[in-house]
Amino acid sequence: MKSVCVFCGSSPGHDPVHAEGARAMGTVIAKRGLTLVYGGGAVGLMGIVANAALEAGGEVHGVIPRALREKEVGHNKLTRLEVVETMHIRKARMAELSDGFIAMSGGIGTFEEIFEIWTWSQLGIHGKPLGFLNIDGFYDALFAFLDNTTKAGFMWQAHRDMAMMETDPAALLDKMDAYKPQTQIKWVEKTEV
């Protein structure tokens, strides 16, 4: 990987452990010589991960919709801030710029972004790795839900296995570096009706 996209909250959350995790993630990305690609915001975990990468000497490429930029939440000190017209263009551009994807703590926007990337992987649109940085057990319940979804027959195990989870940023990046996309994933089962 040469670049990694991070999806995370525009809020820092109530517990400072999430900000600490974002700082650690940004620092590790920069120290590995990877470019951080993210949503271009200066607030919340988004701003924290970007600032940490910049402070560690890394390159940070933000992609932000014009409407958010005009509300002055855009980060003005990035290596590059790309302003686009819509949220759809933003996500497509971040996907194009990135060799892998990480979800850190966040809300519905974070979930939507990583699940869309995961769906694209399932459909064979890309073969890039994706992972979740599980700060203080934030994603434990989600992964239990996904395991139950698989057990209930609504997700193939191969698709479930596409998403990696680690509590340590370096360990997550190591897993992602070692990822080999499966070329022949069965994704539709013909059933009798």
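Here the structure is a predicted model, which means the values were calculated and not measured. (Residues numbered from 1 in each chain as written. Predicted model: local features only at pLDDT ≥ 70, side-chain atom pairs only at ≥ 80, totals over all residues. Heavy atoms only, no water.)

Structural notes on the nonpolar core
Our working rule: Remark: nonpolar core denotes a set of buried residues (Ala, Val, Leu, Ile, Met, Phe, Trp, Tyr, Cys) joined through side-chain atoms within 4.5 Å. For every residue, the accessible area obtained with a 1.4 Å probe (protein chains only) is divided by the maximum for its type, and the residue is called buried under 20%, exposed over 50%, and partly exposed between those limits. Segments assigned H or I by DSSP are reported as helices when at least four residues long, segments assigned E as strands when at least two residues long, and all are numbered from the N terminus. Contact criterion: two residues are considered in contact whenever any of their non-hydrogen atoms come within 4.5 Å of each other.
With 49 residues, the main nonpolar core has L36, I102, M104 and F132 as its most contacted residues. Examining the composition of this core, we find that six residues originate from one element, helix α2 (residues 44-55), more than from any other. Setting aside its immediate chain neighbours within four residues, F132 contacts A103, I114, W118, Y139, L142, F143, A163, M164, M165, E166 and L172.

Quick look at the side chain of S98
Rule in force here: Any pair of N or O atoms that falls within 3.5 Å is considered a polar contact. Within protein, one atom must be able to donate a hydrogen and the other to accept it, and sequence-neighbouring residues count only if both atoms are side-chain atoms.
With respect to the helices, strands and loops of the structure, S98 is situated in the loop between α4 (87-97) and β5 (101-103). Separated by 2.7 Å, the side chain of S98 and the backbone oxygen of M94 make a polar contact.

A closer look at the sheet that holds strand β2 (residues 35-38)
Rules: A pair of strands is treated as paired once DSSP finds two or more bridges between them. An axis is simply a line fitted to the C-alpha atoms; with a helix, the fit covers only the stretch in contact. Between two such axes, the angle follows the N-to-C directions and lies from 0 to 180 degrees.
Here seven strands make up an open sheet; going across it, the order is β4-β3-β2-β1-β5-β6-β7 and the pairing parallel. In this open sheet, the two edge strands, each paired with only one partner strand, are β4 (80-84) and β7 (163-166). Adjacent strand axes in the sheet meet at a mean angle of 25° when their direction is disregarded. Examined bridge by bridge, β5 and strand β6 (residues 130-133) share three bridges and lie parallel to one another. Residue pairing for β6: I102 is matched across the bridge by G131. Running over the sheet, α2 touches β2 and β3 (60-65) and is turned about 165° from β2.

A few points about the pairing of strand β1 (residues 3-7)
Keep this limit in mind: Here is how to tell: hold the view so the strands point away, follow the path from the first strand over the helix to the second, and if it runs clockwise the crossover is right-handed.
With five of its five residues buried, β1 lies for the most part within the structure. Residues S3, C5 and F7 point to one face of β1 and V4 and V6 to the other, with burial holding for every one of them. Across three bridges, β1 lies against β2 in parallel orientation. Bridge assignment links C5 to a residue of β2, and that residue is V37. With helix α1 (residues 16-31) bridging β1 and the parallel β2, this β-α-β connection has right-handed handedness. One ladder, built from three bridges, connects β1 with β5; its direction is parallel. Counterpart to C5 in the pairing with β5 is F101.

Considerations on the pairing of β2
In the sheet, β2 pairs with β3 via three bridges, with the strands oriented parallel. The partner of Y38 across the bridge, within β3, is G62. Taken together, β2, α2 and β3 form a β-α-β motif whose crossover is right-handed.

A word on the packing of aromatic side chains
For clarity, the cut-off: Two aromatic rings, drawn from Phe, Tyr or Trp (for Trp, its six-membered ring), form a pair once their centres lie within 6.5 Å of each other, and the interplanar angle then sorts them: stacked below 30 degrees, edge-to-face above 60, tilted otherwise.
All chains considered together, the criterion is met by seven aromatic pairs. Ring geometry for F132 versus Y139: centroids 4.9 Å apart, planes at 75°, classification edge-to-face. Neither residue differs from the other here; F132 and Y139 are each classed as buried.

Side note on the packing of α1 against helix α8 (residues 169-178)
Our working rule: Any angle that falls under 35 degrees is termed roughly parallel, while one over 145 is termed roughly antiparallel, one within 65 to 115 roughly perpendicular, and all others oblique. In a left-handed crossing the near helix is turned counterclockwise from the far helix by less than a right angle, and in a right-handed crossing that turn is clockwise. Basically, the charged four are Asp, Glu, Lys and Arg, the nonpolar ten are Ala, Val, Leu, Ile, Met, Phe, Trp, Tyr, Cys and Pro, and anything else, Gly included, counts as polar.
Two elements in contact, α1 and α8, have axes whose closest approach is 9 Å; the angle formed by their N-to-C orientations is 50°. The orientation of α1 with respect to α8, classified from their angle, is oblique. Crossing of α1 over α8 shows right-handed handedness. Every residue of α8 that contacts α1 at A24, M25, V28 and I29 is listed here: P169, A170 and L173. Its residues assigned to classes, the contact of α1 with α8 comprises seven nonpolar, no polar and no charged.

Section: the pattern of salt bridges
We count it as follows: A side-chain nitrogen of Lys or Arg and a carboxyl oxygen of Asp or Glu constitute a salt bridge if their distance falls within 4 Å.
Per the stated rule, a full pass over the model turns up ten salt bridges. Here E85 and R66 are joined by a salt bridge, their closest N and O atoms 2.8 Å apart. In this pair, E85 is assigned in the loop between β4 and α4 and R66 in helix α3 (residues 66-70), connecting sequence segments 19 residues apart. R66 gets classed as partly exposed once you look at its relative accessible area, which sits at 35%. Where R80 meets E82, a salt bridge forms, and the shortest distance between an N and an O atom there is 4.0 Å. Connected via shared salt-bridge partners are R80, E82, R93 and E96.

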